[in-house]
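Structural features, examined
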Amino acid sequence: MEKHNNRRFYSLNDFFKDEFKDKVFKVSLDGGFTCPNRDGKVAHGGCIFCSDSGSGEFTGNRKKTITEQIDEQLEFLKDKIKDKKVIAYFQNFTNTYGDVNYLREIYYEALNHPKVLGLAIGTRPDCIEDDVLDLLKEINEKYFFWIELGLQTIDDKVAKIINRGYPLSTYLKTSKKLSDNNIKFVTHMIVGLPGEERKDILNTAKCIAESGAWGIKIHSLHIIKGTPLEKLYEDKKFKIFTLDEYVDIVVTILKFLPDKMVVHRVTGDGKKDEVIEPKWSLNKRKVLNEIEKELKKRESV
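Residues numbered from 1 in each chain as written. Predicted model: local features only at pLDDT ≥ 70, side-chain atom pairs only at ≥ 80, totals over all residues. Heavy atoms only, no water.

**Concerning the pattern of salt bridges**
- Tallied over the entire structure, the rule returns 19 salt bridges.
- The partner of Glu 292 in a salt bridge is Arg 8, and the shortest N-O contact between them spans 3.0 Å. With Glu 292 in helix 11 (residues 284-300) and Arg 8 in the segment before helix 1 (12-20), the pair connects residues that are 284 residues apart, well separated along the chain. Judged on exposure class, the residue Glu 292 and its partner Arg 8 are both buried.
- The salt bridge involving Asp 134 is made with Lys 137; its shortest N-O contact spans 3.7 Å. (Salt bridge = Lys/Arg side-chain N within 4 Å of Asp/Glu carboxyl O. Helix = DSSP H or I, 4+ residues; strand = E, 2+ residues; numbered from the N terminus. Buried < 20%, exposed > 50% of the residue type's maximum accessible area, 1.4 Å probe, protein only.)

The following block contains the structure:
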């Protein structure tokens, strides 16, 4: 793989430096959404690994306006951000799952903030209807923008175990629709889902690499207190990947990704008092260092 700024994969920070000649930060926002596999349209309970906050433990407070959330996070991060611009990131739950007029209102409220240079929206492949797609196309023509799709796995059997609520074919159709409209999209995958072996995980990564995705997010599975995944873990004690196994899989994925695919994440974040397993995931710096060491090792062989 081609090196970028002496890095062994093309990180989001590398992309920002190439695109904007500066470091860019994200502020995570809560648009007040739910998901179709929570409210009964598709299923109930949500994905089994997802917490009550919709995998948005570090987002703003949904009781506040979008502008208030941005201002609050800017104040919290002021020593780090200083005079730099930010990406407004609608993160938790499904952020295209709502009336298009409401979506337009909150997206443009974020984009009209003077510190915001672009928009990122986390959603599901089954929640981009034609009117929503038209809105996304409109934003994409005017602003820096990307969509994030929660795929997690290409195995439809595993998708049923985790209560994802849609088949692989839906992801493939949506990714083509986004590509055809020149909308950048990032695909999420999880390493360590119940029922998956190493080869299954690599197959998911290869599918993402071939899907036209602009970027990828690689998450380590977190067993969070109070989730259905916690009960599954207690009942069946499915395999938890060791740090060495996780590093091996992630580095293998990184080595075959397209050179220009933007790697947004190579591990996951979780609140210390909520993560049951794997405990090694709580030391994010160590995980990143071990991945970097393994990349260097494989380059020297």
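Next comes the rest of the description.
**Some details on the packing of helix 2 (residues 66-76) against helix 4 (residues 100-111)**
- Closest axis-to-axis distance for the helix 2/helix 4 pair is 9 Å, and the angle between their directions is 35°. Once helix 2 is placed against helix 4, the crossing between them reads as right-handed. Contacts between helix 2 and helix 4 pair Ile 66, Thr 67 and Ile 70 from the former with Ile 106, Glu 109 and Ala 110 from the latter.
- Counted by class, the contact of helix 2 with helix 4 contains four nonpolar, one polar and one charged residues. (Axes fitted to C-alpha atoms, helices over the stretch in contact; angles between N-to-C directions. Left-handed = near helix turned anticlockwise from the far one by under 90°. Contact = heavy atoms within 4.5 Å. Nonpolar A, V, L, I, M, F, W, Y, C, P; charged D, E, K, R; others polar.)

**A few points about unusual backbone geometry**
- Of note, the bond from Glu 277 into Pro 278 is cis; its omega dihedral lies within 30 degrees of zero at -10°.
- If you trace the backbone, Pro 278 turns up in the loop between strand 9 (275-277) and helix 11.
- A positive phi angle is found at Lys 82, which is not glycine, with a value near 55°.
- With respect to the helices, strands and loops of the structure, Lys 82 is situated in the loop between helix 3 (78-81) and strand 2 (86-90).
- You can call Lys 82 exposed: its relative accessible area is 62%.

**A short note on helix 4**
- Under the 1.5 Å per step criterion, the end-to-end length of helix 4 is 16 Å for 12 residues, consistent within 8% with the ideal 16 Å.
- Inspection of helix 4 places Val 100, Leu 103, Ile 106, Tyr 107, Tyr 108, Ala 110 and Leu 111 among the buried residues, and these make up the whole buried set.
- Structurally, helix 4 contributes buried residues whose contacts are with strand 1 (25-29), helix 2, strand 2, strand 3 (116-123) and helix 5 (130-142).
- The N-capping residue of helix 4, defined by a side-chain oxygen 2.9 Å from the backbone nitrogen of Asn 101, is Asp 99. (Expected span 1.5 Å × (residues − 1). Polar contact = N/O pair within 3.5 Å; in protein donor to acceptor, adjacent residues only side chain to side chain.)

**Details of empty space enclosed by the protein**
- Evaluation of the coordinates by the stated rule reveals one cavity of 30 Å³ or more.
- Considering only enclosed or pocket space, the largest cavity measures out at about 60 Å³ in volume.
- Along its surface, the largest cavity is lined by Val 191, Gly 192, Ser 220, Leu 221, Lys 239, Ile 240, Phe 241, Tyr 246, Pro 278 and Trp 280. (1 Å grid on protein atoms, 1.4 Å probe; cavity = no way out; pocket = protein on both sides within 12 Å on 5 of 7 lines; lining within 4 Å. Points joined across faces, edges and corners; volume = space filled by probe spheres on them.)

Purely spatial values, then, with no claim about function.
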